[in-house]
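# Analysis of the macromolecular model
Next come the chains, spelled out residue by residue.
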Amino acid sequence: MTETNSTAIDVRRNVRRVLQVNGEALDVLFAPYKTLLEVLREDLALTGTKHGCELGECGACAILLDGKPVLSCLVLAVECEGRAIETIEGLGRGAELHPLQAAFADLGGAQCGYCTPGILMTAKALLDGEADPGRERIKEAIAGSLCRCTGYQQIFESIEEAGRRMRCGTAHPAPAAPATVAEP
Ligand code: FES
Ligand code: FES
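Only a predicted model underlies this, so the values are computations on that prediction, with no experimental measurement involved.

It is worth spelling out the domain arrangement of the chain at this point. With domains assigned, the chain is organised as domain 1 (15-90) and domain 2 (99-168). Inter-centroid distance (C-alpha atoms) of domain 1 to domain 2 is 21 Å. In this complex, domain 1 contributes 16 residues to the contact, which on the side of domain 2 involves twelve residues. Each partner contributes to the roughly 1,100 Å² buried at the junction of domain 1 and domain 2, and carbon and sulfur atoms together form 64% of this total. The largest contributions to the domain 1 side of the interface with domain 2 come from Lys50, Leu64 and Ile88, which together make up 38% of the buried area. Linking domain 1 with domain 2 are four residue pairs in polar contact (both at pLDDT 80 or more), by the criterion used here. With three residues, strand S4 (residues 62-65) is the largest single contributor of residues to the side of domain 1 that touches domain 2. Residues that form the side of domain 1 that touches domain 2 fall into these classes: seven nonpolar, six polar and three charged.

In structure tokens form, the structure reads like this:
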């Protein structure tokens, strides 16, 4: 059973909405009481966004809605039609990593990785708005994301390094120049 009228929602009937996810319009049928987190994971099989506390306390479910970080466990999916939804699946371009992903991999910013998608999306919004935010702004931006593994130091350093690489227009640092060997 479905309904398409947004003015009267019967919670016993599925709703159909077109959701803009990572630049793609997706026609989705789902139960109207589902959160955006549940629709992403269960109806769209986008399981990169992690399911943590479901209470707005851990940050694991953070995604971008119209370019701003939100906790997808606190947003009803029916309210997201026509809004730009960005998830971790859309962060890289095909096989090309986003500078944040590359820096986290290079500097050990991710260990078990459960907190990582939420932190990466939150950091993306920060770096999209501020080219060089500095350590205090980075701490403030990801304060709502809990990490049980890293102690945060590598996370801060990874975001700083990603910012540097983005300012240089590269995902990876330039390879070191080969040492010149003196002729005998
Ligand atoms: S699952 Fe959303 S904040 Fe924890
Ligand atoms: S890397 Fe394990 S929770 Fe953050």
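This part is about the layout of surface pockets. Its boundaries defined by the atoms lining it, the largest pocket holds a volume of some 170 Å³. As for the largest pocket, its lining consists of Leu91, Gly92, Arg93, Glu96, Leu97, His98, Pro99 and Ala171. Along the lines of polarity and charge, the residues of the lining of the largest pocket split into four nonpolar, two polar and two charged. Quantified by volume, the second largest pocket comes out at close to 150 Å³. Every residue along the wall of the second largest pocket is listed here: Gly52, Cys53, Cys58, Ala60, Cys112, Tyr114, Cys115, Leu146, Cys147, Arg148 and Cys149. When its residues are assigned to classes, the lining of the second largest pocket shows nine nonpolar, one polar and one charged. Residue contributions to the lining of the second largest pocket reach at least three from each of two domains, namely domain 1 (15-90) and domain 2 (99-168).

Turning our attention to the pattern of salt bridges. Evaluation of the coordinates by the stated rule reveals 15 salt bridges. For Glu130, the salt bridge identified is with Arg137, shortest N-O distance 2.5 Å. Taking the relative accessible area as the measure of exposure, Arg137 reaches 29% and is therefore partly exposed. Where Arg135 meets Glu160, a salt bridge forms, and the shortest distance between an N and an O atom there is 2.6 Å. Of this pair, Arg135 sits in helix H4 (residues 134-141) while Glu160 sits in helix H5 (residues 153-168), and the two are 25 residues apart along the sequence. One continuous salt-bridge network, built from bridges that share partners, spans Asp106, Glu161, Arg164 and Arg165.

Cut-offs and rules
- Residues numbered from 1 in each chain as written.
- Chains lettered and ligands numbered in written order.
- Predicted model: local features only at pLDDT ≥ 70, side-chain atom pairs only at ≥ 80, totals over all residues.
- Heavy atoms only, no water.
- Domains from an automatic or database assignment.
- Contact = heavy atoms within 4.5 Å.
- Buried area = accessible area lost by both parts, 1.4 Å probe.
- Polar contact = N/O pair within 3.5 Å; in protein donor to acceptor, adjacent residues only side chain to side chain.
- Helix = DSSP H or I, 4+ residues; strand = E, 2+ residues; numbered from the N terminus.
- Nonpolar A, V, L, I, M, F, W, Y, C, P; charged D, E, K, R; others polar.
- 1 Å grid on protein atoms, 1.4 Å probe; cavity = no way out; pocket = protein on both sides within 12 Å on 5 of 7 lines; lining within 4 Å.
- Points joined across faces, edges and corners; volume = space filled by probe spheres on them.
- Salt bridge = Lys/Arg side-chain N within 4 Å of Asp/Glu carboxyl O.
- Buried < 20%, exposed > 50% of the residue type's maximum accessible area, 1.4 Å probe, protein only.

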